[in-house]
Structures are given as C-alpha cells and as structure tokens.
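Remarks on the overall topology
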Amino acid sequence: MFYAGIDVAMDKHDCVVLDSGGNCVVEVFTFENSSNGFKTLHKVLKSCSKKPENIKVGLEATGHYSDNLLAFLNSIGYSPVLFNPLHTNLFRKGQSLRKTKTDHVDAHTIATMLRTEDLKSYSQPSYHLNELKSLTRYRSTLVSDCSRRKISLVRLCQILFPELKNLVPSLHMSSVYTLLSELPSADKVAKCNLMHLTSLLSSASKGHYGRDKAIEIREQARSSIGIRSVVKELELQQTIELIRILQQQIEAVEEEINSLMDDIDSPITSIPGIANRMAAVIIAETNNFHDFERAEQVLAFAGLDPSVYQSGQLTSTHSKMVKRGSKYLRFAIFNATKYVCHWDPTFRAYLAKKRAEGKPYNVAVSHAAKKLTRVMFHLAKTNKEFVPQA
C-alpha cells in the first residue's frame, strides 16, 4: 500500500508518496493547480501502482482550493481522505518540538497520518447536495451583506432625520425606503409639498399611510435636529438601492433552494418548525447525513458537543460548547431547535424541563438541539417522517 499526502494551496500543490514502512517512494514534488499539473500527479501515482485501490491519497479540507483536485481524484478512481486542518496541525506539532511548518512538512504529515490512522474516505456529494451547499452558503453571505447595509441605513437616518424612527414601526419598510429614496433628509421632507408627500406615502404603503401621517412626518422634519449633508444623502439613497438589490437576490436564491428541496424530499422537513430554509443548510452541510455513522458525530461536526477537561482529581463542571466545525450547521441546528421547541409539545416540554433545572435559556436550547439532532439523524437514515409523541 502507498500513501500520498498532498498539501493544497491556491496556485500549486505539494505531494509526497510513502510506502507501508514509512519510506519515501516519491520525494516531495510540486505540481500546478491546472490540467497539466493534475496530469503530472496522475502520472506519478500510476508509477507507484496502476491500481487506484493500492494508493491512499490524503489532503486537507481547505475550502474551495481543494474542490477541483477532489473532483479530479474521484474521476480517475481514487478515494481521497479529507483531513481537518486542526487535526493535521496538532499531529505535526506532536511529531517534533521544533517550530517548523512548510508545505513539504505538511505533505509528509498528511502522508504519515494516512499510514498510521484509519480514516474514512471522502465521498463526492450528489449534484443536488453540492448545488444546495453552494446556494445555502451564498444565501448566508447575501443575508450578512444585507444586514450590514441595514445597520448603515439606521446610522444615516440618525444623522439626517433622527425623529423618523419614532414615527414608523420600523425603518426597514417599503414605504420608508420609498420616502427616503426621494427625500433623503429632514430638510427635504420639510420642504416637500404636502400633496406630493401624501401621494408618495399612500402609494408606497398601499393606502396604509394618508394625509395625517404625511402632516405628522413633515411637522417633525421641520423641527428636526438632523444635519444637511449632500454626501450623506447620496450614501443613504445608494444604501437603500443596495438593500433592495440584495433582497431580490436573496429571494431568487431561496426559490432555487426550494426547488432543490422539492427534489430531495427530505423527511426532516416533516418536523414541526423546520422549513426548507433551515433544512436545506442541515442537509447540505451533512451531505444528507451520509457522512456520519452516529448522531454524536453530527454534533461534533457542528461544534455543538461540550468540551471536556479532566486532570487528576480535577474534573471541570462548567463545560462550554466546543464551537469547532461547520458554523453554518451549528447556526442552523441551534436556530431550528428554537422553532421546533415552539411548535412541538414534546420538545417544548423538554426545554421547559431543562429550564426548570436552572439552566440558562441558551444552554437549555443546546440540550434540546442534541435531542433534535438524534431525531433528524434517525429520520434521514430510515427515510421515515416525523411522528409527534403523545
């Protein structure tokens, strides 16, 4: 058996091949992240053994840098092993007291780990799951961007028209966006014709706001402490435009997610409180639970398992959540648990029980999240729908 360790980077990769005894069969060589580079790697691997099953290939999970290489290795018959960078880092430090880290050392570390540890091979996700993962992560990025723009809008309103927030339920309303897009300061609102202001508000709010609201807003604008700033007004108008574009993009992405979820038809959506949005993240990040043999492994991958510290007679009684692993999965499971505890009586009672034991709310939710993860794991593995308990 041969063991090929590959250290992945953006433009090039480093590879070394060891035999079963740990002897170096192929010294560390560098190949480009290109078609010719991949052919070079294939040629070297074939020189060691023409049978892919006789060679174990390992590399770190380095985000999108490794995606193309993984797809190539799978296409030519290899079953690569993906390593957690934290795992390889700790293993490398345990091999030597010297503070040494290079691409060549990392390649040797991965090859040695392949030879000494029994690890599960990487399984290529199906087309639907791969697309779903890209969509859910892209949606998360769009939502974060939109949230930052909304914070900027509140800041600009506080400068240009601070009294407005007390006149409407929320600054993030279509009617408020329409008003501020045309009249981005208290000074411009104060000088606006009352009939035009009334028409603008009525049209934007679909008749909810009329003449009385227009008079109230204009009167507050005339006595406003907001400053005049052409630059801030322009920034506010463009911020509103960006928010609207991002909201449209989020809606388009959610339509694609719903379409893929209809094709996947996962049983975890039968749990009360888990809709397509949260279910899509959970399914995508866990490869529909195909990569795990136990529910506890899902919790560890999400970073929802508690840390453990014990030394001699000392055992920690205040363990904190590890928070290592997929932040997307951790967020989805934790927030899905809140909805499930609201809609399902069994989970609601379980949460109340943990709260009665004196646990803080988030700690109680984390306990319910473990219970929910076990339920989702069982449903996915058995392909059975959720049945509420009496």
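A brief report on the enclosed structure follows. (Residues numbered from 1 in each chain as written. Predicted model: local features only at pLDDT ≥ 70, side-chain atom pairs only at ≥ 80, totals over all residues. Heavy atoms only, no water.)

**As for the overall build of the protein**
Per the secondary structure count, the protein includes 15 helices and seven strands. The C-alpha atoms of the protein give 28 Å as radius of gyration, which overshoots the globular expectation for 390 residues (21 Å, by more than 25%). Along the three orthogonal principal directions, the C-alpha set of the protein runs to about 85 × 55 × 50 Å. Residues counted as buried form 40% of the 390 residues belonging to the protein. Here the contacts in the protein between residues at least 6 apart in sequence split such that 63% fall between residues at least 24 apart. Accessible surface, the protein: about 21600 Å² in total, of which carbon and sulfur atoms supply 51%. Of the charged side chains in the protein, 50 are positive and 39 negative, and the gap between their average positions amounts to 6 Å. (Helix = DSSP H or I, 4+ residues; strand = E, 2+ residues; numbered from the N terminus. Rg over C-alpha atoms; globule rule 2.2 N^0.38 Å. Buried < 20%, exposed > 50% of the residue type's maximum accessible area, 1.4 Å probe, protein only. Contact = heavy atoms within 4.5 Å. Areas by Shrake-Rupley, 256 points an atom, 1.4 Å probe, with all protein chains shown as cover. Lys, Arg positive; Asp, Glu negative; His and termini not counted. Charge placed at Lys NZ, Arg CZ, Asp CG, Glu CD.)

**Some details on the nonpolar core**
If you look at the biggest cluster of nonpolar residues, it comprises 77 residues, and the most contacted ones within it are Leu 132, Ile 271 and Met 376. Tallying contributions element by element places helix α10 (residues 230-264) first for this core, with 10 residues. Residues contacting Met 376, with those up to four places away along its chain left out, are Ile 268, Ile 271, Ile 274, Ile 282, Phe 289 and Ile 333. With 21 residues, the next largest nonpolar core counts Ala 4, Leu 45, Leu 69 and Phe 72 among its residues. (Core = buried A, V, L, I, M, F, W, Y, C linked by side-chain atoms within 4.5 Å.)

**Notes on the sheet that holds strand β3 (residues 24-32)**
Pairing within the open sheet is mixed, and its five strands lie in the order β3-β2-β1-β4-β5. Edge strands, defined here as strands with exactly one partner in the open sheet, are β3 and β5 (81-83). For this sheet, the mean angle separating the axes of adjacent strands, direction not counted, is 20°. Across three bridges, the pairing between strand β4 (residues 55-60) and β5 is parallel. Bridge pairing in β5 places Gly 58 opposite Val 81. Sitting on the sheet, helix α1 (residues 35-48) is in contact with β1 (2-8), β2 (12-18), β3 and β4, with an inclination near 170° to β3. (Pairing = 2+ DSSP bridges. Axes fitted to C-alpha atoms, helices over the stretch in contact; angles between N-to-C directions.)

**Focus on the pattern of salt bridges**
Within this structure, the stated rule accounts for 13 salt bridges. The shortest N-O distance in the salt bridge between Asp 14 and Lys 12 comes to 2.7 Å. A relative accessible area of 2% means that Asp 14 is categorised as buried. The partly exposed category is assigned to Lys 12, whose relative accessible area is 28%. (Salt bridge = Lys/Arg side-chain N within 4 Å of Asp/Glu carboxyl O.)

**Section: the side chain of Ser 185**
Residue position: Ser 185 is located in the loop between α6 (174-182) and α7 (186-191). The class for Ser 185 is buried, based on a relative accessible area of 1%. If we ignore the near neighbours within four places in the chain, the residues touching Ser 185 are Leu 160 and Glu 233.

**A short note on the pairing of β1**
Counting buried positions along β1 yields six of seven residues, so the element is predominantly enclosed. Sheet topology note: the β1/β2 ladder contains six bridges and is antiparallel. If you follow Gly 5 over to β2, its bridge partner there is Val 16.

**So, unusual backbone geometry**
The phi dihedral of Lys 206 is positive, around 55°, even though this residue is not glycine. Structurally, Lys 206 can be placed in the loop between α8 (194-204) and α9 (211-222). A positive phi angle, near 55°, is found at Asn 288, a position not held by glycine. Mapped onto the elements of the fold, Asn 288 is located in the loop between α11 (276-285) and α12 (295-302). With a relative accessible area of 19%, Asn 288 lands in the buried category.

Remember, this is a structural readout, not a statement about activity or role.
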